[in-house]
Amino acid sequence: MSAPKPTTNQPAVDEARSAVAQVRNRPTYEERALERFGLPPELYFKAVEQAPVAISITDPRANILYANRAFSLVTGFSFEEVQHHNESVLSDRRTPSIVYESLWSSLLRQRPWTGRLVNRRRDGTRYLAELTVAPVLDESRTTIHYLGMHRDVTEEHMLEQAVQNQRALIDSLLDCAPMWFAAIEGSGGVALSNAPFRDAASVFDGDLGRTLLIALCGDAEERFADLREARAPVPDRELEIELGGGVGVRRVSLVGRWLDENDSSADAFFRSGGQRYFLIFGTDVTSLREQESQVRTNAMRALIAEEERVQELQEILNAAVFRFQLPINLLSTALRSAERHGYEPLAHKTLVEAVRQAVREGRELLERLGESVPEVPDTPVEEASIPQLLREVLQLSTHRLMAEDIVVDVAIGDIPALRGKPGRLRALFKELIDNAIDAMGSGTERAIVVKASVEGRTAVVSIADTGPGIPEALHYKVFEPLFSRSKNKRDGAGMGLTRVQNIVSEHSGTVYVDSNYRDGCRMVVELPLQEGQ
Ligand code: FAD
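Just so it is clear, the model here is predicted, and its values are computed rather than measured.

S.K.: Just give me the short version of the packing of aromatic side chains, but keep the residues and values in it.
M.R.: Summed over the entire model, instances satisfying the criterion amount to seven aromatic pairs. Note on Phe181 and Phe281: the rings are 5.4 Å apart at their centroids and 40 degrees apart in plane angle, and the pair reads as tilted. With Phe181 in strand β6 (residues 179-184) and Phe281 in strand β10 (residues 276-284), this residue pair connects regions lying 100 residues apart in the sequence. In this structure Phe181 comes out as buried when scored by relative accessible area, which is 6%. Aromatic ring contacts, followed pair by pair, group Phe45, Tyr66 and Phe79 into a single cluster.

S.K.: Go over the nonpolar core, please, and point to the residues and values.
M.R.: Ranked by size, the top nonpolar core spans 40 residues in total, and within it Ile386, Leu425, Leu428, Phe429 and Ile448 carry the most contacts. Contributions of two or more residues to this core are made by α13 (386-396), α15 (422-440), β14 (447-455), β15 (458-465), α16 (496-506), β16 (510-513) and β17 (521-528). Ranked by the residues each element gives to this core, the list is headed by α15, at nine residues. Trp180, Cys217, Val252 and Phe278 belong to the second largest nonpolar core, which has 24 residues in total.

S.K.: So what about the pattern of salt bridges? Which residues, and what values?
M.R.: One pass over the structure, following the stated rule, counts 31 salt bridges. Here Arg120 ties to Asp92 by a salt bridge, and the two come within 3.1 Å at their closest N and O atoms. Of the two residues, Arg120 sits in strand β3 (residues 113-120) while Asp92 sits in the loop between α5 (79-82) and α6 (97-108), which places them 28 residues apart along the sequence. Residue classification places Arg120 among the partly exposed residues on the basis of a relative accessible area of 29%. Since its relative accessible area comes to 2%, Asp92 is described here as buried. The residue Asp171 makes a salt bridge to Arg167 at a minimum N-O spacing of 3.9 Å. Residue Asp171 and its partner Arg167 are both found in helix α7 (residues 154-176); the two are separated by four residues, about one turn of the helix.

S.K.: Which residues make up the site of the ligand, and what values do they have?
M.R.: Close contacts around the ligand come from 20 residues, with Asn86, Ser91, Tyr100, Trp104 and Asn119 the closest. At 3.0 Å from an oxygen atom of the ligand is found a side-chain nitrogen or oxygen belonging to Asn86. At 2.7 Å, a side-chain N or O of Trp104 approaches an oxygen atom of the ligand. Expressed as a share of its isolated accessible area of 910 Å², the protein-covered part of the ligand is 71%. Only α6, β3, β4 (126-137) and β5 (143-152) provide two or more residues apiece to the shell around the ligand.

S.K.: Give me the lowdown on unusual backbone geometry, citing residues and values where you can.
M.R.: Its identity is not glycine, yet Arg231 carries a phi of approximately 55 degrees, on the positive side. Relative to the helices and strands, Arg231 resides in the loop between α10 (221-230) and β8 (237-243). Phi is positive for Asp405, close to 55 degrees, though the residue is something other than glycine. The residue Asp405 is located in the loop between α14 (398-403) and β12 (407-412) in this model. Judged by relative accessible area, which is 64%, Asp405 ranks as exposed.

S.K.: A description of the packing of α13 against α15 should follow, citing residues and the corresponding values.
M.R.: Relative orientation of the contacting elements α13 and α15 amounts to 50 degrees, with a least axis distance of 9 Å. The angle between α13 and α15 falls in the class oblique. The element α13 and its partner α15 pack so that their crossing is right-handed. Residue-level inspection shows Ile386, Leu389, Leu390, Glu392, Val393, Leu394 and Leu396 of α13 in contact with α15, the latter providing Pro422, Leu425, Arg426, Phe429, Lys430 and Ile433. Across the contact of α13 with α15, the residue classes tally to ten nonpolar, no polar and three charged.

S.K.: Could you give an account of α6, naming the residues involved and the relevant values?
M.R.: Working note: α-helix, 3.6 residues per turn, so residues spaced by three or four point in the same direction. With twelve residues, α6 extends 16 Å between its outermost C-alpha atoms, agreeing within 8% with the 16 Å of an ideal straight helix rising 1.5 Å per residue. All of the buried residues along α6 are Val99, Leu103, Ser106 and Leu107. What you see down the axis of α6 is that its buried residues fit within an arc of 100 degrees, all on one side. Seen from the buried face of α6, the exposed residues on the opposite side, beyond 90 degrees, are Ile98, Glu101 and Leu108. Those residues of α6 that are buried are in contact with β3, β4 and β5. Gln110 sits one or two positions beyond α6 and adopts a positive phi of about 60 degrees.

The rules behind each value
Residues numbered from 1 in each chain as written. Predicted model: local features only at pLDDT ≥ 70, side-chain atom pairs only at ≥ 80, totals over all residues. Heavy atoms only, no water. Phe/Tyr/Trp six-rings, centres within 6.5 Å; stacked < 30°, edge-to-face > 60°. Helix = DSSP H or I, 4+ residues; strand = E, 2+ residues; numbered from the N terminus. Buried < 20%, exposed > 50% of the residue type's maximum accessible area, 1.4 Å probe, protein only. Core = buried A, V, L, I, M, F, W, Y, C linked by side-chain atoms within 4.5 Å. Salt bridge = Lys/Arg side-chain N within 4 Å of Asp/Glu carboxyl O. Near = heavy atom within 4 Å. Polar contact = N/O pair within 3.5 Å; in protein donor to acceptor, adjacent residues only side chain to side chain. Areas by Shrake-Rupley, 256 points an atom, 1.4 Å probe, with all protein chains shown as cover. Axes fitted to C-alpha atoms, helices over the stretch in contact; angles between N-to-C directions. Parallel < 35°, antiparallel > 145°, perpendicular 65-115°, else oblique. Left-handed = near helix turned anticlockwise from the far one by under 90°. Contact = heavy atoms within 4.5 Å. Nonpolar A, V, L, I, M, F, W, Y, C, P; charged D, E, K, R; others polar. Expected span 1.5 Å × (residues − 1). Arc of directions from axis to C-beta.

Dropping the structure here:
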């Protein structure tokens, strides 16, 4: 019996066969891609082999199946040395395990991972690797391989660190520097500042950055824009700023400089550009200025004391000459009268001779005394600022005024500088202030009012006190030499106002007691201002 012939549905079989053949012959994804790009498969291998990045392909357990040339160059391992070894052959214990955990956690979720880890070369040296690992999936989306790509970024990292270190150093230097620092951007806002600036800004009633900017560049907004555009130099300035929080008024020296920053964005890679900042540096010079002012005041005080000493000596000697002159003149007159009347009896001859001798010697002595009167050194004529001189004199007298609890009211206007002798004018104002303080004694309401203004072409300075005043009959006499109303006078010889009168005359001015003033004494000094002032 022959085997039964299989009965088949030939067309269906053919169709099935053709379908199987179609499935078998269907090109893979890679084959289809190769066909589409028209590139030979070896090219992909060559490209990977010659790529300048260390590339490795592993199995799902990270055992190396392939490594390119760059891999050997970077790691020092030949392919044969690492083949079938785990990628951990490169690992260094300095990489924290959390990094590997993160790497594997991504890979197990079939996600690529990029990060930095410390690798060890064949020779044991370490380098920082920037690694990207990506899973390679088959058609059923199962991970069949991993692709690893890494490069040595040690130098890059060192540069980044160096920049960061430098920045940290600059930041801490700026924070430690005993000065304010603020970088102002184009909008006028503070882009960067140091700790002292921020401390001051926190107790300043207003916008400190803006205030400093206005002090250096002026109020108008366009002005800052113009200066910024032209990178124009801005002159240094000093400014008084009141800070809260118990800090008080500070004197700050301001310096402004321009800084162009390079643009780090990708857009600016091939063309220059970037931000222009206005850097403001503020140094607190309060105590420096106070010290300078103290030194100036002390020097002035010493100078005035010296001048006063010489003048006092001059006055005492002049007074002595004056007082001795009188008896000698009397003796001389008596002698002349005796001679004229031929009254020279023998009995008195010796006495008359003695008187003659005394007169002669007295004259010689007076002459020598007169010659030895010291001269107050002449001071040069220069620009003299009355407001400044008045302020200096008030400063010189601060201790006395405070000690004697005297209220000082000052109204000093703008007065152009005059040509004169500043030292002499200072002495003049000091004399008037001292007189005012002396005059008030121990009265209850003790105040001095100092006013200075310009009237026409004349600078008018008045110094008023709340003392007993000067009787009108003495308004001229007080300026006479050796006139003194006080028994206990500081200016012993009564020459103070004479000196004042002399100094005013040297400056072609006038000084008088204001007869309209009733609440004490008001001395008025008028000094002509030169043409063109
Ligand atoms: P391991 O014992 O290898 O592993 C540490 C942690 O990773 C453990 O928590 C462990 O559970 C987990 N882990 C390890 N292997 C697997 C795995 N197959 N599946 C799931 N979890 C796992 N490491 C480097 O130090 N330098 C490299 O340049 C580097 N390149 C790599 C390239 C590729 C393509 C791949 C896939 C991995 C690479 N690795 C690299 C990681 C490496 O395989 C090790 O995981 C790592 O070096 C830590 O090694 P280990 O011996 O200290 O710890």
